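What follows is the residue order along each chain.
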Amino acid sequence: GENVEQHPSTLSVQEGDSAVIKCTYSDSASNYFPWYKQELGKRPQLIIDIRSNVGEKKDQRIAVTLNKTAKHFSLHITETQPEDSAVYFCACLTSGTYKYIFGTGTRLKVLA
Amino acid sequence: IAGITQAPTSQILAAGRRMTLRCTQDMRHNAMYWYRQDLGLGLRLIHYSNTAGTTGKGEVPDGYSVSRANTDDFPLTLASAVPSQTSVYFCASSDGHHSGANVLTFGAGSRLTVL
């Protein structure tokens, strides 16, 4: 079945540094790749997404890149701030279905 | 305020008891979902529904059932709860169009403890 692997599971960076989280998916029919941020005790919230017809998308300090050939996509956060500390989840949606499959999450800690 | 409402927020339940987690959305989204979240395992899909009247199995459907009698409601039932079903349960919805917005919106979650 569909599978999404996410790495690393935990990541600590100094404030102002960049953070990169990577996900690999198995289903080549996947065509939509969102990233969610979940703060402690809160619900996941969409922060950025990308579709399969685009290679990169940027929104201020966050960006997502997609490599369809290698079937992986990455979240990039630049100039990290303490409020970026949270758990980040990648997900895939396969074309023709309504099933979103999530990665196992990355706990990001930004050290002041 | 438009969104998804889940109830209860938190519940402690004895093993063997039946439990229904409620989920209601007012966004007229076609698709609805139930996920469970466990430490280190992320969000795992239990069941989903493409539209009212239809449901489908996700990654971990055993021990759970759902129904979708109308667009707004998508209850999740544990027929006979077991301790391994202790988790945080999130209901979610999307507009469900393959080439559309696809954005998944989550409820606030229901924390269930089975003793």
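Keep in mind it's a predicted model, so treat the numbers as computed, not measured.

**Student:** Got a sec to walk through the overall build of chain A? Specific residues and values, please.
**Tutor:** Broken down by element type, chain A carries zero helices and 11 strands. Each helix (α) and strand (β) of chain A, taken in turn from the N terminus, gives the series β-β-β-β-β-β-β-β-β-β-β. Against the compact-globule benchmark of 13 Å for 112 residues, chain A has a radius of gyration of 13 Å, which places it among compact chains. Taken along its principal axes, the extent of the C-alpha atoms in chain A is 45 × 30 × 20 Å. Here chain A holds 112 residues, and 45% of them are scored as buried. A fraction of 53% describes how many contacts in chain A between residues 6 or more apart in sequence connect residues 24 or more apart. Carbon and sulfur atoms form 46% of the exposed surface of chain A, whose accessible area is close to 5500 Å². Taking the 13 positively charged and 12 negatively charged side chains of chain A as two groups, their mean positions are separated by 5 Å.

**Student:** Could you give me a rundown of the nonpolar core, with the residues and numbers involved?
**Tutor:** Counting 24 residues, the largest nonpolar core has A:Trp35, A:Phe73 and A:Leu108 as its most contacted members. Contributing elements (two or more residues each) for this core: β2 (10-14), β3 (19-25), β4 (30-38), β5 (45-51), β7 (62-67), β8 (72-77), β9 (86-94) and β11 (106-111) of chain A. Look past the residues within four positions of A:Leu108 in its chain and what remains in contact with it is A:Leu11, A:Val13, A:Ala19, A:Ile77, A:Asp84, A:Ser85, A:Ala86 and A:Tyr88. By size, the runner-up hydrophobic cluster in this structure holds 20 residues, among which are A:Tyr36, A:Tyr100, B:Tyr48 and B:Phe90.

**Student:** Please provide a residue-by-residue account of the sheet that holds strand β8 (residues 76-78) of chain B, values included.
**Tutor:** All names here are of chain B. Taken in spatial order, the four strands of this open sheet run β1-β3-β8-β7, and their pairing is antiparallel. On the outer flanks of this sheet lie β1 (4-7) and β7 (64-66), each paired with one strand and no other. Within this sheet the neighbouring strands show an average axis-to-axis angle of 15°, counted without direction. As paired elements, β7 and β8 share three bridges and run antiparallel to each other. Bridge pairing in β8 links tyrosine 64 to leucine 78.

**Student:** For the state of the cysteines, give the residues involved together with the corresponding values.
**Tutor:** Residue and element names in this part refer to chain A. As enumerated under the stated definition, the model contains two disulfides over all chains in all. Each sulfur of the disulfide joining cysteine 23 and cysteine 90 lies 1.9 Å from the other. The chirality of the disulfide connecting cysteine 23 with cysteine 90 is left-handed, given an S-S dihedral of about -100°. A residue pair is termed long-range when its members are at least 10 positions apart, and cysteine 23 in strand β3 and cysteine 90 in strand β9 qualify at 67 residues.

Conventions we followed
- Residues numbered from 1 in each chain as written.
- Chains lettered and ligands numbered in written order.
- Predicted model: local features only at pLDDT ≥ 70, side-chain atom pairs only at ≥ 80, totals over all residues.
- Heavy atoms only, no water.
- Helix = DSSP H or I, 4+ residues; strand = E, 2+ residues; numbered from the N terminus.
- Rg over C-alpha atoms; globule rule 2.2 N^0.38 Å.
- Buried < 20%, exposed > 50% of the residue type's maximum accessible area, 1.4 Å probe, protein only.
- Contact = heavy atoms within 4.5 Å.
- Areas by Shrake-Rupley, 256 points an atom, 1.4 Å probe, with all protein chains shown as cover.
- Lys, Arg positive; Asp, Glu negative; His and termini not counted.
- Charge placed at Lys NZ, Arg CZ, Asp CG, Glu CD.
- Core = buried A, V, L, I, M, F, W, Y, C linked by side-chain atoms within 4.5 Å.
- Pairing = 2+ DSSP bridges.
- Axes fitted to C-alpha atoms, helices over the stretch in contact; angles between N-to-C directions.
- Disulfide = S-S within 2.5 Å.

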